[in-house]
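# A closer look at the structure
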Amino acid sequence: MLINDLIAVVGLDHCLTDPDLRAGYEVDWTGRYRGQTPAVVRPGSVEELSAVLALCHAAHQPVVVQGGNTGMVGGSVPLAKELLISVARLGNLQVVSPTKLRAGAGATLARVQDAALAAGASFGVDTAARDSATIGGMIATNAGGMNVVRFGPMGDQLLDAGVVLADGEYIPSLRDTRPDHRAFGLIDHLAGSEGVLAVVAHATLAIGTDPPQVAVAMIEVPAGRLQRLIQAVEELPSVYAIELFGAREVELTAAAIGRTAPLTGDWLVLVECRSAEDPAVSLGQVVGELPAVVATNQTAGGELWLFREALTEAVSRLGVPHKFDVRVPHDALNQLRPRVEAAAPGGTVFVWGHAFSNRYGHPTANLHVNVVGRVDDEGVFDVVEDLGGSIAAEHGIGTAKRHRATRARGDLVELREIKDRLDPAGILNPNVLFPV
Ligand code: MLT
Ligand code: ZN
């Protein structure tokens, strides 16, 4: 029987069939997606991961892979009674060189950041979920995070990856695969593939050195100035982060962290700049006469960041939010909130996110629209598409948005071809990404 064979591989302590032990793995972080699994299997090595997948493949057993379970789109929850593979124990870390770090799929972002820091370096992706989010999951969703304007998303940090294919074949280096291997080219599609192509076992990630001087500013920006301000900040060579939120959001986090909101207004833009020489000078020129609070050291900057970073948890304390992780062009930013509010008369709407231009050919921002209370999800998706945006960004498609994936992802046909080659039986994360 499959469960007994799995126990023989990972040991009784790491094949959880007791409902109480499984429970935490069967519901997502937000509490919106709940499933059930026959067992939670926690391989402790790549060899065990490979053996587990080989057994599942032979038994035609669908699997869902879970890292830190911080996903927002139901992508790592066993919604159709799949077996759950937790990669949490694959957490090895090794700084290979001043520019390279190797991390097991289950290493948390915080551990990666600490390891980089101990070697005098830093890692380019950062999110508030750093203590739980794992490298494997962040690659699966191609997470962007708060420094995306500077470093790009997770895929941009991915130098190499070791993966296990659906049938258990372990590939230690995707970069080294030969053209005649079925996984040749997979490295270019791994980030954002949501666990449907292969299971990430470990990754080699780029690390670097941050310039020593920092400036963080929270700027109050009237709606009519927003686009110009973002554009001017993006042009600063020292820019590290451009985060957007509004008065409602800062009031919420201020209450959550027991502080007074430093500013209010249509938009609050939190900017971090880093450079060899004091970045506050050029940042100050961009801010001009706008009301702003500026911090010029790490500690004071961290105090300003609290008002942004506390948002996800503060919103979740109000109830299980409807989460819309969307991309909109800069010229639609001011319309998004009122249009969503009109589509959600029974809900309270919160909006925050990351501004960055780059790869989409036009200025764009990744906004997290959270609605607490009643809302018609499809109505919000319609608003976003009507504004020229995309209904999915750094959190992925998951289960939540697969019915609209065709428009949101331009690479689905290609991904399907790769999937058919690597996982023809379709056992890996069967309920995400591809439209039903
Ligand atoms: C964020 O940037 O805060 C995250 O992506 C999480 C969220 O949307 O709650
Ligand atoms: Zn985000």
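Small disclaimer: the values here were computed from a predicted structure and weren't measured.

## Notes on the coordination of the zinc ion (ligand 2)
The textbook angles at a metal center are 109.5 degrees for a tetrahedron of four donors and 90 or 180 degrees for an octahedron of six. At 1.9 to 2.1 Å from the zinc ion (ligand 2) lie its protein donor atoms, namely H354 (NE2), H368 (NE2) and E394 (OE). The exposure class assigned to H354 is buried, which follows from its relative accessible area of 3%.

## Section: helix α3 (residues 46–58)
Helix length check: α3 (13 residues) gives 18 Å between terminal C-alpha atoms against 18 Å at 1.5 Å per residue, within 8%. Those residues of α3 that fall on the buried side of the exposure criterion are V46, L49, S50, V52, L53 and C56. The arc that holds the buried residues of α3, viewed along the axis, is 160°, so those residues lie on one side. Away from its buried face, by an angle of more than 90 degrees, α3 presents the exposed residues E47 and A58. In the segment just after α3, H60 is the residue with positive phi, at about 55°.

## Details of the pairing of strand β10 (residues 199–208)
A large share of β10 lies buried, amounting to eight of its ten residues. As defined by bridge partners, strand β6 (residues 100–104) adjoins β10 across five bridges and the pair is classed as antiparallel. Opposite L101, over in β10, you have L205 as the bridge partner. Of the strand pairs in this sheet, strand β7 (residues 122–123) and β10 are connected by two bridges, and their pairing is antiparallel. Residue pairing in the sheet places F123 in a bridge with I207 of β10. Of the strand pairs in this sheet, strand β8 (residues 158–164) and β10 are connected by six bridges, and their pairing is antiparallel. From the neighbouring strand, V163 faces β10, where its bridge partner is V200.

## Looking at the packing of helix α1 (residues 2–10) against α3
For the pair α1 and α3, interaxial distance at closest approach is 10 Å and the crossing angle is 170°. Compared by their axis directions, α1 and α3 come out roughly antiparallel. In this structure, α1 uses L2, D5, L6, V9 and V10 to contact α3, whose residues at the interface are E48, A51, V52, L55 and C56. Considered class by class, the residues forming the contact of α1 with α3 number eight nonpolar, no polar and two charged.

## Observations regarding the packing of helix α13 (residues 333–343) against helix α14 (residues 377–386)
Following both chains from N to C, one finds α13 and α14 inclined at 150°, their axes separated by 9 Å at the closest point. By the angle between their directions, the pair α13 and α14 is classed as roughly antiparallel. Note on packing geometry: the crossing formed by α13 with α14 is right-handed. Along the contact surface, α13 presents L336, R339, V340 and A343, while α14 presents G379, V380, V383, V384 and D386. Broken down by class, the residue content of the contact of α13 with α14 amounts to six nonpolar, one polar and two charged.

## Things to note about the side chain of S50
Following the sequence through the fold, S50 ends up in helix α3. Contact partners of S50, with chain neighbours within four places excluded, come to V164 and G168.

## Comments concerning the pairing of strand β16 (residues 347–356)
Burial runs high along β16: nine of the ten residues are buried. Strand direction decides the pairing type here: strand β12 (residues 239–245) and β16, joined by two bridges, are antiparallel. Bridge pairing links L244 to G353 in β16. Across ten bridges, the pairing between β16 and strand β17 (residues 364–373) is antiparallel.

## Looking at unusual backbone geometry
Positive phi values are uncommon outside glycine, yet N142 reaches one of about 55°. Tracing the sequence through the fold places N142 in the loop between α5 (135–141) and α6 (148–151). N142 gets classed as partly exposed once you look at its relative accessible area, which sits at 23%. Although it is not a glycine, N429 adopts a positive phi angle of roughly 35°. Residue classification places N429 among the buried positions, given a relative accessible area of 5%.

## Side note on the domain arrangement of the chain
When cut into domains, the chain gives domain 1 (1–210), domain 2 (213–313) and domain 3 (318–391). The distance between the C-alpha centroids of domain 2 and domain 3 comes to 21 Å. Taken together, the 17 residues of domain 2 in the interface contact 20 residues of domain 3. Looking only at domain 2, the three residues that lose the most surface to domain 3 are L244, R248 and W267, adding up to 32% of its buried area. Viewed at the interface, domain 3 and domain 2 are joined by two salt bridges.

## Regarding the sheet that holds strand β3 (residues 63–66)
With mixed pairing, four strands are arranged side by side in an open sheet as β1-β2-β4-β3. The sheet terminates laterally at β1 (15–16) and β3, the two strands that pair on one side only. In this sheet, strand β2 (residues 40–41) lies alongside β1 in antiparallel orientation, the contact comprising two bridges. Looking across to β2, one finds that C15 is bridged to V41. Against the sheet, α3 contacts β2, β3 and β4 (83–86), and its axis sits at roughly 170° relative to β4.

Rules behind the numbers
Residues numbered from 1 in each chain as written. Chains lettered and ligands numbered in written order. Predicted model: local features only at pLDDT ≥ 70, side-chain atom pairs only at ≥ 80, totals over all residues. Heavy atoms only, no water. Donors = N, O, S within 2.8 Å, 3.2 Å for Na, K, Ca; no water. Buried < 20%, exposed > 50% of the residue type's maximum accessible area, 1.4 Å probe, protein only. Helix = DSSP H or I, 4+ residues; strand = E, 2+ residues; numbered from the N terminus. Expected span 1.5 Å × (residues − 1). Arc of directions from axis to C-beta. Pairing = 2+ DSSP bridges. Axes fitted to C-alpha atoms, helices over the stretch in contact; angles between N-to-C directions. Parallel < 35°, antiparallel > 145°, perpendicular 65-115°, else oblique. Contact = heavy atoms within 4.5 Å. Nonpolar A, V, L, I, M, F, W, Y, C, P; charged D, E, K, R; others polar. Left-handed = near helix turned anticlockwise from the far one by under 90°. Domains from an automatic or database assignment. Buried area = accessible area lost by both parts, 1.4 Å probe. Salt bridge = Lys/Arg side-chain N within 4 Å of Asp/Glu carboxyl O.

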